[in-house]
Amino acid sequence: MEKREAYSIGKLFLMYKTPIYQFIYRYCQDEQLCLDIVQDTFIRFQKYQKHFDEEKSSIKTYLFRMAYQLMINRLKRRSRLEKLLPFLYMQSQQHTLSHEDKLTVQSAILQLPDEQRAVILLTYYHDMPQKDISEILDIPIGTVKSRLYTSLRKLKALLEVSE
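Since this is a predicted model, take the numbers as computed values, not measurements. (Residues numbered from 1 in each chain as written. Predicted model: local features only at pLDDT ≥ 70, side-chain atom pairs only at ≥ 80, totals over all residues. Heavy atoms only, no water.)

## Thoughts on the nonpolar core
Ranked by internal contacts, the top residues of the largest apolar core, which has 41 residues, are Ile20, Ile24, Tyr27, Phe45, Tyr68, Leu122 and Leu137. Top contributing element to this core by residue count: helix H4 (residues 59-84), with 10 residues. Setting aside chain neighbours within four positions, we find Leu137 in contact with Tyr68, Ala118, Val119 and Leu122. (Core = buried A, V, L, I, M, F, W, Y, C linked by side-chain atoms within 4.5 Å. Buried < 20%, exposed > 50% of the residue type's maximum accessible area, 1.4 Å probe, protein only. Helix = DSSP H or I, 4+ residues; strand = E, 2+ residues; numbered from the N terminus. Contact = heavy atoms within 4.5 Å.)

Right under this line is the structure:
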């Protein structure tokens, strides 16, 4: 396909670096991790660009899925490190905890389980349709809908919002 050649890494980076950064940051609240994930996403895209099929998903969906998978893998590795070397992990996290809970909504979102948090962020912060969220997270649309419903109920309870 000739169109694959048309994707300029520079143009894609300029177009999607900020939304991907914002998604990752809202998810994990770790600036350095976000910067690394954004960079790694575009490096990985450049390496695997030939696997992108624009008939299956949009370039935005493909890049977000790639970033999400990189982030999840990095967080899993971090979790294993935390269990093995807890004293090291606590020292490295002290500087990022000071501003995390400034907004009540962000705090509530952070209390959601990982799967629900991803659906909320992609839906409300990135205005993605459920079909794209389904592709990014590699789950059925029905699962997206149920996670969205469940997470909204939890957020309402956490924020004590009455209907």
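## Quick word on helix H3 (residues 31-48)
Across its 18 residues, H3 extends 26 Å between first and last C-alpha, which sits within 8% of the 26 Å expected from 1.5 Å per residue. Two to three positions downstream of the cap, the backbone nitrogen of Gln32 sits 3.2 Å from a side-chain oxygen, assigning the N-cap of H3 to Asp30. (Expected span 1.5 Å × (residues − 1). Polar contact = N/O pair within 3.5 Å; in protein donor to acceptor, adjacent residues only side chain to side chain.)

## Some points on the confidence of the model for the protein chain
In this model, the protein chain carries an average pLDDT of 81, and 80% of its residues clear a pLDDT of 70 or more. Segment residues 1-5 is flagged for pLDDT under 50; beyond a separation of four residues in sequence, or across chains, it makes five contacts in the model. Every residue in residues 94-102 scores below 50 in pLDDT, and together they form six contacts with partners more than four places removed in sequence or on other chains. (pLDDT = per-residue confidence, 0-100.)

## A few points about the packing of aromatic side chains
Using the criterion set out here, one finds eight aromatic pairs in the structure. Judged by centre distance (4.9 Å) and plane angle (55°), the ring pair of Phe52 and Tyr62 falls under tilted. Of this pair, Phe52 sits in the loop between H3 and H4 while Tyr62 sits in helix H4, and the two are 10 residues apart along the sequence. As far as burial versus exposure is concerned, Phe52 and Tyr62 are alike and both buried. Of the aromatic side chains, those joined through ring pairs into one cluster are Phe23, Tyr27, Phe64 and Tyr68. A cation over an aromatic ring shows up here: Arg117 above the ring of Tyr27, its NZ or CZ 4.7 Å from the ring centre. (Phe/Tyr/Trp six-rings, centres within 6.5 Å; stacked < 30°, edge-to-face > 60°. Lys NZ or Arg CZ within 6 Å of the ring centre and 35° of its normal.)

## Topic: the packing of helix H2 (residues 9-28) against helix H7 (residues 114-125)
The geometry of H2 relative to H7 is characterised by a closest axis approach of 10 Å and an angle of 140° between their N-to-C directions. In terms of orientation, H2 lies oblique with respect to H7. The two elements H2 and H7 meet at a crossing, and its hand is right-handed. Contacts from Phe23, Arg26 and Tyr27 in H2 reach Asp114, Arg117, Ala118, Leu121, Leu122 and Tyr125 in H7. When grouped by side-chain class, the residues that make up the contact of H2 with H7 number six nonpolar, no polar and three charged. (Axes fitted to C-alpha atoms, helices over the stretch in contact; angles between N-to-C directions. Parallel < 35°, antiparallel > 145°, perpendicular 65-115°, else oblique. Left-handed = near helix turned anticlockwise from the far one by under 90°. Nonpolar A, V, L, I, M, F, W, Y, C, P; charged D, E, K, R; others polar.)

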